Amino acid sequence: PALYNSLGIYLPLITTNCAVLGVTLVNIERGYTLLESVWFAFCAAMGFTLAIVLFAGVRERLETADIPKPLRGFPIALITAGVSSAAGFVLTGCINTTSVWVLYLTYGVLAGLGIGIAYNVIISSVSAWFPDKKGICSGCLMMGFGASTLVLGNLASRLFDIASVGWRITYIGIGICLGLSLIGS
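So, here is what we can say about the structure in this document. (Residues numbered from 1 in each chain as written. Predicted model: local features only at pLDDT ≥ 70, side-chain atom pairs only at ≥ 80, totals over all residues. Heavy atoms only, no water.)

1. Comments concerning the overall build of the protein chain
Formally: By the criteria applied, helices consist of DSSP H or I runs no shorter than four residues and strands consist of E runs no shorter than two, each listed in order from the N terminus. We call two residues in contact when some of their heavy atoms are within 4.5 Å. Note on areas: Shrake-Rupley, 1.4 Å probe, and residue coverage restricted to the protein chains presented here.
A tally of helices and strands in the protein chain yields seven helices and zero strands. Beginning at the N terminus, the succession of helices and strands in the protein chain can be written as α-α-α-α-α-α-α. Contacts in the protein chain between residues far apart in sequence, at least 24 positions, make up 54% of those at least 6 positions apart. Surface summary for the protein chain: the accessible area is close to 12,800 Å², and the carbon and sulfur share equals 73%.

Here you go:
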């Protein structure tokens with residue numbers, strides 16, 4: 001990694017500074033008071049910390065678990081991503097509550113965690129396959145992720161409008177397809 005070689009230990013600091021700048025821009029854009037800005041920054045920091053702790057715990061468990069040799073590394077990470085994202089989408093389609101916190105947990109945490117794991121595994125594995133073309137590979141993969149949201153978003157919107165399908169069956173179907181494709185790969 002040329003970027004890491006040139007920036008070294010400063011790369012995580014730069015990333016953190018980008019997050020801080022993002023929080024600052026949101027505070028200014030929304031016109032928050034000082035107290036609201038402090039609260040928003042604290043919540044953003046806690047969310048970031050929670051994500052880091054969760055990912056570190058998952059990674060440590062995957063490395064220390066007694067996993068058969070063919071499933072170690074990327075395969076078990078994709079299986080974990082598939083199970084997590086499928087559970088998130090399916091549970092989102094099955095919820096019968098008006099509580100937004102349940103939606104945050106099922107769609108935001110479970111599905112988001114699974115998709116985040118899958119994205120990172122796919123980016124790092126393809127970059128390892130083509131070490132001399134990492135930029136092109138990452139760009140093509142990001143284009144694919146963007147195009148998939150364009151296609152899937154339009155498809156889901158059309159399925160939401162069909163009375164016999166609706167949003168619940170659409171979410172359950174997306175969860176099953178996403179889970180099977182990640183676990184199968």
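2. Some words on the packing of helix 4 (residues 74–94) against helix 5 (residues 100–129)
The following threshold applies: A fitted line through C-alpha atoms represents every axis, and for helices the fit uses only the stretch in contact; the resulting angles, taken between N-to-C directions, go from 0 to 180 degrees. Here is the rule for angles: anything less than 35 degrees is roughly parallel, anything more than 145 is roughly antiparallel, 65 through 115 is roughly perpendicular, and the remaining ranges are oblique. By the definition used in this description, the sense in which the near helix is turned from the far one sets the handedness, with an anticlockwise turn below a right angle giving left-handed and a clockwise turn giving right-handed. Any residue that is not Ala, Val, Leu, Ile, Met, Phe, Trp, Tyr, Cys, Pro, Asp, Glu, Lys or Arg is counted as polar, Gly included; the first ten are nonpolar and the last four charged.
Remark: helix 4 packs on helix 5, axes separated minimally by 7 Å, with the N-to-C direction vectors making an angle of 155°. Put simply, helix 4 runs roughly antiparallel to helix 5. In the crossing of helix 4 with helix 5, the sense of the turn from one axis to the other is left-handed. The class makeup of the residues in the contact of helix 4 with helix 5 is 17 nonpolar, nine polar and no charged.

3. Here we look at the packing of aromatic side chains
Given two aromatic rings, one states the distance between the centres and the angle between the planes to describe the pair. Using the following cut-off: What counts as a ring pair is set by centres within 6.5 Å for rings of Phe, Tyr and Trp (its six-membered ring), and what kind of pair is set by the plane angle: stacked under 30 degrees, edge-to-face over 60, tilted for all other angles. When a residue's accessible area, from a 1.4 Å probe over protein chains only, is under 20% of the maximum for its type it is buried; when over 50% it is exposed; and in between it is partly exposed.
Counting across every chain of the model gives eight aromatic pairs. Seen in terms of ring centroids, Phe160 and Tyr171 are 6.0 Å apart; in terms of plane orientation they differ by 5°. Their pairing is stacked. Residue Phe160 is found in helix 6 (residues 134–161), and its partner Tyr171 is found in helix 7 (residues 166–184); the two are separated by eleven residues along the sequence. A relative accessible area of 17% places Tyr171 in the buried class.

4. What to know about the nonpolar core
Soluble globular proteins tend to bury their nonpolar side chains together. Where we set the bar: What makes a nonpolar core is a set of buried Ala, Val, Leu, Ile, Met, Phe, Trp, Tyr and Cys residues whose side-chain atoms join them at distances within 4.5 Å.
Ranked by size, the top nonpolar core spans eight residues in total: Ala77, Leu78, Ala81, Leu113, Ile117, Ala118, Val121 and Leu182. Listed by contribution, the elements that provide at least two residues to this core are helix 4 and helix 5. Top element by residues in this core is helix 5. It accounts for four residues. Contact partners of Ala118, with chain neighbours within four places excluded, come to Leu78, Ala81 and Leu182. One finds Ala111, Ala156, Tyr171 and Ile174 within the second-largest nonpolar core, a separate group that totals five residues.

5. Quick look at the environment of Ala156
The topology assignment puts Ala156 in helix 6. The exposure class of Ala156 is buried, given its relative accessible area of 11%. Between the C-alpha atoms of Ala156 and Thr170, which are 14 residues apart in sequence, the distance is 6.5 Å. Contacts of Ala156, omitting those with residues within four sequence positions, involve Thr170 and Ile174.

6. Notes on the side chain of Ser84
In plain terms, the rule: Any pair of nitrogen or oxygen atoms within 3.5 Å is treated as a polar contact; in protein, a donor-acceptor pairing is required on top of that, and neighbouring residues in sequence qualify only through side-chain atoms on both sides.
Inspection of the secondary structure assignment puts Ser84 in helix 4. You can call Ser84 buried: its relative accessible area is 10%. Only 2.7 Å separates the side chain of Ser84 from the backbone oxygen of Leu110, close enough to count as a polar contact. Filtering out sequence-adjacent residues up to four positions away, Ser84 remains in contact with Leu110, Ala111, Leu113 and Gly114.

The quantities given are spatial measurements derived from coordinates; they are silent on function.
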